[in-house]
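Read off the chains here:
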Amino acid sequence: MSNVSFHISNLLEKMTSTDKDFRFMATNDLMLELQKDSIKLDEDSEKKVVKMLLKLLEDKNGEVQNLAVKCLGPLVGKVKEYQVETIVDTLCTNMLSDKEQLRDISGMGLKTVISELPPVSTGSGMAANVCKKITSQLTGAIGKQEDVSVQLEALDILSDMLSRLGGSLFSFHASILHSLVPQLTSPRLAVRKRAIVALSHLVLTCSASLFSELMEQLLAELEGEASVSTTRTYIQCIGGIGRQAGHRVGAHLPRIVPLVVKFCAVEDDELREYCFQGFESFVRRCPKEMGPYIPSVTNLCLKYLTHDPNYNYDSDEDEMMETEDGEEDEQESDDEYSDDDDMSWKVRRAAAKCVAAIISTRHDLLQDFYQVLSPVLISRFKEREENVKADIFGAYISLLRQTHPGQSWLHSSEVGNEENIPLTMLQNQVPHIVKALQRQLKDRSVKSRQGCFSVLTELAGVLPGSLAEHIPALVPGIIFSLTDRASSSNMRIDTLAFLNVLLCTHPPEAFHAHLPVLLPPVVACVSDPFYKITSEALLVTQQLVKVLRPLDRPLTLDPQPYVGEIFAATLTRLKAADLDQEVKERAIACMGHILAHLRDWLGAELKPTLIIFLERLKNEITRLPTVKTLTLVAGSPLRVDLQPIIIDALPILASFLRKNQRALKLATLAALDVLARNYRTALQPASIDTVLAEIPPLIGENDMHVAQVAVGFLTTLAQAHPSSLAKASSPVLAEVLQLVYSPLLQTGALTAITGFFQALMGTRAPGLSYGELKQQLTGPIYKAGPDSPPLHKQAHHSVAKCLAALVVACPQEAAGTVGQFVRDAQAPRSSPGVKVLAFLALAEMGQVVAGMGSQRELKTVLLEAFSSPSEEVRSAASYTLGCVGARNLPEYLPFLLGEIGSQPRRQYLLLHSLKETIGAAPAEGLKPYVEDIWALLFRHCECSEEGTRNVVAECLGKLALVNPSQLLPQLQKQLLAGSPHARSTVVTAIKFTISDQPQPVDILLKDCIGDFLKTLQDSDLNVRRVALALFNSAAHNKPSLIRDFLDNTLPHLYNETKVRKELIREVEMGPFKHTVDDGLDVRKAAFECMYTLLESCLDRLDIYEYLNHVEDGLKDHYDIRMLTFIMLARLSALCPNTVLQRLDRLVEPLRATCTSKVKAGSVKQEFEKQDELKRSAMRAVAALLTIPEVEKSPVMAEFSSQIRSNPEMAALFESIQKDSASLYAPESMDLS
């Protein structure tokens, strides 16, 4: 400590030197010392440093003064609170000094100190105490009219304080408000503007009564007879408050909106601009409360979008008509018409921004927008002011984005009148859009042309093919922007990007007539020195190649005249080594398309180009795009001759399978698969052996997708080169068999493996006969002893499917195999594992088994197995009876129904069999038995066992699909008549009639599903739970069924999210008392429904009401909090503005979760649950922080700084961000 004190004393001594350089260096050294975390000052040193720095603020040298200000920042964290108060007191006094320089430097000092104060969330009271010290002096300085610069500085500092620490100054809010409001009538506009900024920060944290007082004052002034200048300020102030605290303004809109509408009629363009800015903030920040006023605001916007009193557009159009043949040089300069005093453009710009806000917040009015807004916006594309035109284009792009077919609410809505569908309406307006933009595409203004291309690019994406007949009108503009020397690089990049989208979304024939003029400028761009232009031009060239010779339709154009030009330009780029990575990749992809589409016209150029590809394959940077391109070329139906490189390429490709790059492995396997399929004669056995040696390590459960693709390649190889695979089969087969027994095996990989076994049978190689493969597959199960580790039940299913695939490949072995499995299932010595496998294999071979003579023996064996002590054997036998029965209904179904009626003990297993039979049998075959099955099922739908009722419900649902018109009404009747058990069974049955594919039952379901949804009001808790499951299934798989019922259903859904105290009970477990919440499952089901609705019916939800229940869920049980955190993250992406308004109420529960601690002595599971809960909450916080303008929320800013200052939370937040970054990071550039 003494060393530090001595060093600081030395520096302080030098600061008193008469030499300014000494003072500067000493101050700089002091700043470096203060920035060190390790430094600690004693009380005496603190006092001396503070005194010296305050003295240096008055130094004659400006550089020394600036350094002294910078020192104040790190000093705040190193000295005691009373020293910080001394600093701010001195700075505040200096701010009122007569010396301008001292005032300025003191203002900077205060801002520095405020920015470095520790946040309130850290538990430190310093920030609040210091700011309270400053506030009274600042409000005094603001009130003094003598010096405007003091006022401005004080207002700035007050804004800074309110934005960071508004909540801490609660006791001063009233005095701050009373000092700020008078400044709104200051003679200086700068003072007014800064007062508005300070008020905007104040309203975020002030009390409701103060907010009402402020609004009352502003509205009273507006309702009075204020001057136009003052009115402007008040309107601007209300707009600023709306932007910062829109959720609070909503309640005052009935008074605000009529006043603002009235002021729009005043002949003052600046006032009108502020009116529209106010409307925009209200529309964005309180869309719900603005709902009733949208029509009147829209009409005002439309009126003032065309407000241009100093310009006659009609005469301009006449001139344009005269010069339409292309003499654009004769167009008169815009400057001739602009008037320095003309402010009308600001009104038009504000109106355009307001229109964009209305469009982006009201999806439900889309059809009205196309009828009313769209024609006006299109007519205003001729706007003369660049800035206004950019905002008009922006508004139209917002409209197009709302219309995008990808929007789920458009996707699933069923609109009756086709003419009213927004897409159809847009289609009808395309000619007007093109006509309005066509002239602008040759405008001298780059910004205007970029806006045109942005609109057209969006249009082509929303309505693919819509511009096909207008391409002749667009091509001259495209060529103009690509060849005009005045065009900037960005202009050409935007033009090429639009051309790329146009080529991707329109038929090739539309471009054939324009190729002679389109190709030269695009090829010129390929040779451009700027890499971004080259890169975009190569993408366009790639699409033009597809236009020249599409592979999916007959050749209608001779590409010969164009091939040489395209090939030469692309080859130059392909050969160049010193290019940007993106250009290299796109040159490779482009040349690949040229080879795949235009092989016939390349002649002698083909071989040298392939040799270049081989070189690129050896280069680590370009190998992945080259592999993808080789796959494309090898898969071309034109059969490109790859003989020159295939022998050299195979060992290189084989080596890639060893690389630790997943994308490269997958791309290489795809390339090898295509080569094996299309170039079987060119592949030499030695090369194939090299590849096969690398395959076994890829077949494992570590990466199931890579394993699936590898097995798919082996299947192709078995068909193309059976002898090569037969030689290397042992290591490969060992890995495949190990994968078959993996509990992680998924459907895709299993399908690939069954295909592989069938292909192996086709090789007829020694050691790969039916019997040997069967033995290898079943060996682990048949040889398993009592001490062997248990096999996962998934392994039995996988082996059974593989055995069934072998039987399909060797039908002559079917009878013997079935006979053996029947004997194994019956034999007392067989282990439960063998019996399970035998039954599952018989089930998979159901078609073969059902067609084999007498079935009596099999029925006996299956029924005997129902009495087995092993549950797995019983379950497998039940599954087999259902599968075999589905293939032979006359033999099995009457038998099954009889057994269900006569064997109550086996009822559950027999019902499972019936479920499998109904699910697998053809509908026509089931029809004769429907009545018998239906009657039987209804006898069991009131069973006390929930498991049995669920199976009965699934049977009823699947059976209803056989004859829906007759059976659905019967289910409907049961709703009224049955007991709670019967009602729950019937509601669950309806869930099983809904699938994500269109079905004949859908029309009938739509008419009756409302009755089933009424069970959400049922008195029985269990019925409500299954009704929620039905609702969730419909919302997920077929939202159109429930959309029209949401207004009535949502209140009941939300009602189920509430905690009900009458359902919470205490259970005594020995000396402990345990709380059980019987309503938890229902609440959980309700929140799951709410989450599903976000994806499928967002446009039908009142998000404010929805958020009320999400807020309750954030404080609920562990399971529900986990769900609501996910919902909150999703809402941040879907409705950011609405979430932003509710942040104050959403952050507290998140903070409570992130800072909670588990009681000492809790079990390990409690710690794990708490950790997972914190991770989930932190993911929600990370999502909230991505919302635009979230940094303006003081609550979020405070929580964010709390996270950063807490090491545990900071580490968790960082790991969450890394996870999300790795999740979305593309492994490589997609060149498809």
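As a reminder, the structure under discussion sits directly above these lines.
The model shown is predicted, which means the values in this text are computed figures rather than measured ones. (Residues numbered from 1 in each chain as written. Predicted model: local features only at pLDDT ≥ 70, side-chain atom pairs only at ≥ 80, totals over all residues. Heavy atoms only, no water.)

S.K.: Is there a simple way to think about the overall build of the protein in this case?
M.R.: Counting secondary structure elements, the protein contains 64 helices and 2 strands. Here the C-alpha coordinates of the protein stretch approximately 115 × 90 × 75 Å along the principal axes. Considering only intrachain contacts with a sequence separation of at least 6, the fraction spanning at least 24 residues in the protein is 74%. Taken as a whole, the protein presents about 53,800 Å² of accessible surface, with 51% of it coming from carbon and sulfur. On the protein, the mean spot of the 126 positive side-chain charges and the mean spot of the 151 negative ones are 6 Å from each other. (Helix = DSSP H or I, 4+ residues; strand = E, 2+ residues; numbered from the N terminus. Contact = heavy atoms within 4.5 Å. Areas by Shrake-Rupley, 256 points an atom, 1.4 Å probe, with all protein chains shown as cover. Lys, Arg positive; Asp, Glu negative; His and termini not counted. Charge placed at Lys NZ, Arg CZ, Asp CG, Glu CD.)

S.K.: Is there a simple way to think about the packing of aromatic side chains in this case?
M.R.: Two aromatic rings are characterised by how far apart their centres lie and by the angle between their planes. Overall, the coordinates contain 8 aromatic pairs when judged by the stated rule. An aromatic cluster is present here, built from Phe276, Phe279 and Tyr304 joined pairwise through their rings. The positively charged end of lysine 774 is found above the aromatic ring belonging to phenylalanine 821, 5.8 Å away from the centroid. Across from the ring centre of tyrosine 892, 5.4 Å away, lies the NZ or CZ of lysine 859, which sits over that ring. (Phe/Tyr/Trp six-rings, centres within 6.5 Å; stacked < 30°, edge-to-face > 60°. Lys NZ or Arg CZ within 6 Å of the ring centre and 35° of its normal.)

S.K.: Explain the environment of histidine 470 to me, please; I cannot follow it from the model alone.
M.R.: Along the polypeptide, histidine 470 turns up in the loop between helix 23 (446-462) and helix 24 (471-483). When the C-alpha atoms of histidine 470 and valine 430 are compared, they prove to be 9.0 Å apart, with 40 residues separating the residues in sequence.

S.K.: Before we go on, may I ask you to explain the nonpolar core in this structure?
M.R.: Across soluble globular proteins, you tend to see nonpolar side chains buried next to one another. With 424 residues, the main nonpolar core has Phe279, Tyr396, Phe757, Leu914 and Leu971 as its most contacted residues. Each residue touching leucine 914, except ones within four places of it in the same chain, is listed here: Leu893, Leu896, Leu897, Ile900, Ile933, Leu936, Leu937 and Cys955. (Core = buried A, V, L, I, M, F, W, Y, C linked by side-chain atoms within 4.5 Å. Buried < 20%, exposed > 50% of the residue type's maximum accessible area, 1.4 Å probe, protein only.)

S.K.: Would you explain the pattern of salt bridges in this entry?
M.R.: When charged atoms on two side chains of opposite charge get close, those side chains can pair. A full pass over the atoms with the stated rule returns 56 salt bridges. Of the charged contacts in the structure, one is a salt bridge between glutamate 1056 and arginine 1024, with a shortest N-O distance of 3.0 Å. Highlighted residues: glutamate 1056 in the loop between helix 56 (1046-1055) and strand 1 (1064-1069) and arginine 1024 in helix 55 (residues 1021-1037), separated in sequence by 32 residues. As far as the burial class goes, glutamate 1056 and arginine 1024 line up, both buried. Between aspartate 1078 and arginine 1065 there is a salt bridge; the shortest N-O distance is 2.7 Å. Of this pair, aspartate 1078 sits in the loop between strand 2 (1072-1077) and helix 57 (1080-1096) while arginine 1065 sits in strand 1, and the two are 13 residues apart along the sequence. Relative accessible area serves as the criterion here: at 31%, aspartate 1078 is assigned to the partly exposed category. Within this structure, Asp308, Arg348, Arg380, Glu383 and Arg384 form a network of salt bridges that share partners. (Salt bridge = Lys/Arg side-chain N within 4 Å of Asp/Glu carboxyl O.)

S.K.: Got a minute to help me understand helix 51 (residues 946-960) in this structure?
M.R.: An α-helix turns once per 3.6 residues; consequently, residues spaced three or four apart project the same way. The end-to-end C-alpha distance of helix 51 is 21 Å, a good match for the 21 Å that 15 residues give at a rise of 1.5 Å each. Within helix 51, 11 of the 15 residues are buried, leaving the element largely enclosed by the surrounding structure. Considering only its buried residues, helix 51 is in contact with helix 48 (907-920), helix 50 (930-939), helix 52 (964-977), helix 53 (980-991) and helix 55. (Expected span 1.5 Å × (residues − 1).)

S.K.: Explain the state of the cysteines here, please?
M.R.: Two cysteines, two sulfur atoms, one covalent bond between them: this is a disulfide. Counted under the stated rule, the structure contains 0 disulfides. Sulfur of cysteine 286: no disulfide; nearest cysteine sulfur belongs to cysteine 354 and is 12 Å away. Judged by its relative accessible area of 0%, cysteine 286 falls in the buried class. Free of any disulfide, cysteine 955 has its nearest cysteine sulfur in cysteine 941, 12 Å distant. What makes cysteine 955 buried here is its relative accessible area of 0%. (Disulfide = S-S within 2.5 Å.)

S.K.: I'm lost on the side chain of lysine 389 in this one. Help?
M.R.: With respect to the element layout, lysine 389 can be found in helix 20 (residues 386-403). Here glutamate 383 takes part through its backbone oxygen, which lies 3.4 Å from a polar atom of the side chain of lysine 389. Side-chain polar atoms of lysine 389 contact the side chain of glutamine 440, separated by 2.6 Å. Excluding residues that lie within four positions of it along the chain, lysine 389 makes contacts with Phe381, Glu383, Gln440, Asp443 and Ser448. (Polar contact = N/O pair within 3.5 Å; in protein donor to acceptor, adjacent residues only side chain to side chain.)

S.K.: In this structure, what is going on with helix 35 (residues 685-694)? I would like to understand it.
M.R.: The set of residues buried in helix 35 consists of Ser687, Ile688, Val691, Leu692 and Glu694. One face of helix 35 carries all of its buried residues, which in axial projection span an arc of 155 degrees. Pointing more than 90 degrees away from the buried face of helix 35 are the exposed residues Ala686 and Ala693. On its buried face, helix 35 sits against helix 33 (643-656), helix 34 (662-678), helix 36 (704-720) and helix 37 (722-727). (Arc of directions from axis to C-beta.)

S.K.: Is there a simple way to explain the pairing of strand 1 in this structure?
M.R.: Working note: regular strand, side chains alternate between the two faces of the sheet. Inspection of the sheet shows strand 1 paired to strand 2 by 6 bridges, in the antiparallel sense. In the strand pairing of strand 2, glutamate 1068 is matched with lysine 1073. Counting the residues that bridge the hairpin from strand 1 to strand 2 gives 2 residues, and of these glycine 1070 lies at a positive phi of roughly 65 degrees. (Pairing = 2+ DSSP bridges.)

S.K.: Whenever I open this one, the packing of helix 51 against helix 52 confuses me. Can you help?
M.R.: Each pair of packed helices can be summarised by the angle the axes make with each other and by the distance between the axes. Viewed as axis vectors pointing N to C, helix 51 and helix 52 meet at an angle of 145 degrees, and their least axial separation amounts to 9 Å. In this structure, helix 51 contributes Leu956, Leu959 and Ala960 to the contact, and helix 52 contributes Pro964, Leu967 and Leu971. Its residues placed into classes, the contact of helix 51 with helix 52 shows 6 nonpolar, no polar and no charged. (Axes fitted to C-alpha atoms, helices over the stretch in contact; angles between N-to-C directions. Nonpolar A, V, L, I, M, F, W, Y, C, P; charged D, E, K, R; others polar.)

S.K.: Explain the side chain of glutamine 543 here, please?
M.R.: As for its placement among the helices and strands, glutamine 543 is situated in helix 28 (residues 531-548). Accessibility expressed as a relative area gives 12% for glutamine 543, which makes it buried. Once you skip the residues sitting within four places of it in the chain, glutamine 543 turns out to touch Asn500, Leu503 and Cys504.

S.K.: What should I look at first to understand the packing of helix 16 (residues 294-305) against helix 19 (residues 366-379) in this one?
M.R.: Close contact between helix 16 and helix 19 brings their axes to 10 Å; oriented N to C, the two are set at 15 degrees. Comparing the axis directions of helix 16 and helix 19 gives the class roughly parallel. Considering only the axes of helix 16 and helix 19, their crossing is left-handed. Two secondary-structure elements touch here, helix 16 through Thr298, Leu302 and Leu305 and helix 19 through Val372, Leu373, Val376 and Leu377. In the contact of helix 16 with helix 19, the residues fall into 6 nonpolar, 1 polar and no charged. (Parallel < 35°, antiparallel > 145°, perpendicular 65-115°, else oblique. Left-handed = near helix turned anticlockwise from the far one by under 90°.)

S.K.: When you look at unusual backbone geometry in this model, what are you seeing that I'm missing?
M.R.: Among all residues except glycine, the phi angle is most often negative; among peptide bonds, the trans geometry is most common. Backbone geometry places arginine 639, a non-glycine residue, at a positive phi of 50 degrees. Structurally, arginine 639 can be placed in the loop between helix 32 (623-634) and helix 33.

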